[in-house]
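What the coordinates show
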Amino acid sequence: MQLALNVRDVDAAVEFYGKLFGAQPAKRRPGYANFAIASPPLKLVLIEDPDARGDGVTGALNHLGVEVASSLEVGAATARLTGQGLATLTQDATSCCYAVQDKVWVHDPDGAPWEVYTVLADAPNDTSIAGTSCTTIDGQCVPTDNGAVTGAELTTHGVPVAAPAPARSSCCGDTTAGLPGSCGCS
């Protein structure tokens with residue numbers, strides 16, 4: 001299971017979560033940390049975004065994810081989710097959070113973004129960290145390719161939203177159909 005949190009100060013968050021889980025980040029970049037915790041099994045991603053993070057739990061959730069072993073499993077998840085009438089957005093070989101990934105996105109009824117993804121390779125650079133030109137609605141990721149949205153209407157915090165016009169560049173580096181915001185940081 002993956003949990004991606006917005007944090008005000010990534011250094012302070014790394015110190016806290018390192019103590020909480022008795023682990024050090026598996027990947028650390030400016031404004032970003034990724035813990036691969038064995039027990040409990042959790043991939044904890046910290047994204048420095050002081051503008052999104054409020055007090056307490058306000059603005060804490062960035063997104064949730066399920067990592068799978070292969071692109072075939074991402075494809076199977078895409079077929080299952082689309083077959084159930086959920087709005088999906090797929091990204092193939094997208095560079096996000098210092099990794100090249102294949103993924104599919106859905107949103108829960110309250111607008112929380114979930115990704116099913118596989119990591120294809122490490123990537124030295126990333127464009128999805130806070131401060132980019134990415135578009136979000138209330139800190140939630142939303143698809144930018146209207147053609148990719150199928151089935152139920154996309155919602156953010158339970159309120160239907162129209163997908164923004166396609167962008168030339170998304171924060172995950174996909175120039176054809178990206179998911180703006182902090183994206184699937186894995």
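Examining the overall build of the chain
Regarding its fold elements, the chain presents two helices and 10 strands. Listed by position from the N terminus, the elements making up the chain come as β-α-β-β-β-β-α-β-β-β-β-β. When the 186 residues of the chain are sorted by exposure, 47% land in the buried category. Partitioning the intrachain contacts of the chain with sequence separation of at least 6 by distance along the chain shows that 62% fall at a separation of at least 24. Total accessible area computed for the chain in this model is approximately 8700 Å², and 57% of it derives from carbon and sulfur atoms.

Some points on the pattern of salt bridges
For the structure shown, the criterion picks out seven salt bridges. Two residues, glutamate 67 and lysine 43, come together in a salt bridge whose shortest N-O distance is 3.0 Å. Of this pair, glutamate 67 sits in strand S5 (residues 61–67) while lysine 43 sits in strand S4 (residues 42–48); the two residues are 24 residues apart in sequence, bridging distant segments of the chain. Owing to a relative accessible area of 15%, lysine 43 belongs among the buried residues under this scheme. Two residues, glutamate 115 and lysine 103, come together in a salt bridge whose shortest N-O distance is 3.1 Å. With a gap of 12 residues between them, glutamate 115 in strand S8 (residues 113–122) and lysine 103 in strand S7 (residues 99–107) connect regions that are remote in the sequence. For the pair shown, glutamate 115 and lysine 103 are each scored as buried. Through salt bridges with shared partners, a single ionic network connects Lys27, Arg29 and Asp122.

Focus on the confidence of the model for the chain
Of the residues in the chain, 67% have a pLDDT of 70 or more, and the chain-wide mean is 73. Low pLDDT (under 50) marks residues 129–186, which in the prediction has 163 contacts with non-local residues, meaning those over four places away or in another chain.

Side note on the pairing of strand S1 (residues 2–7)
Of all six residues in S1, five are buried, a share of seventy percent or more. Bridge count for S1 against S5 is four bridges, and the pairing is antiparallel. Looking at the pairing, alanine 4 lines up with histidine 63 of S5.

Rules behind the numbers
Residues numbered from 1 in each chain as written. Predicted model: local features only at pLDDT ≥ 70, side-chain atom pairs only at ≥ 80, totals over all residues. Heavy atoms only, no water. Helix = DSSP H or I, 4+ residues; strand = E, 2+ residues; numbered from the N terminus. Buried < 20%, exposed > 50% of the residue type's maximum accessible area, 1.4 Å probe, protein only. Contact = heavy atoms within 4.5 Å. Areas by Shrake-Rupley, 256 points an atom, 1.4 Å probe, with all protein chains shown as cover. Salt bridge = Lys/Arg side-chain N within 4 Å of Asp/Glu carboxyl O. pLDDT = per-residue confidence, 0-100. Pairing = 2+ DSSP bridges.

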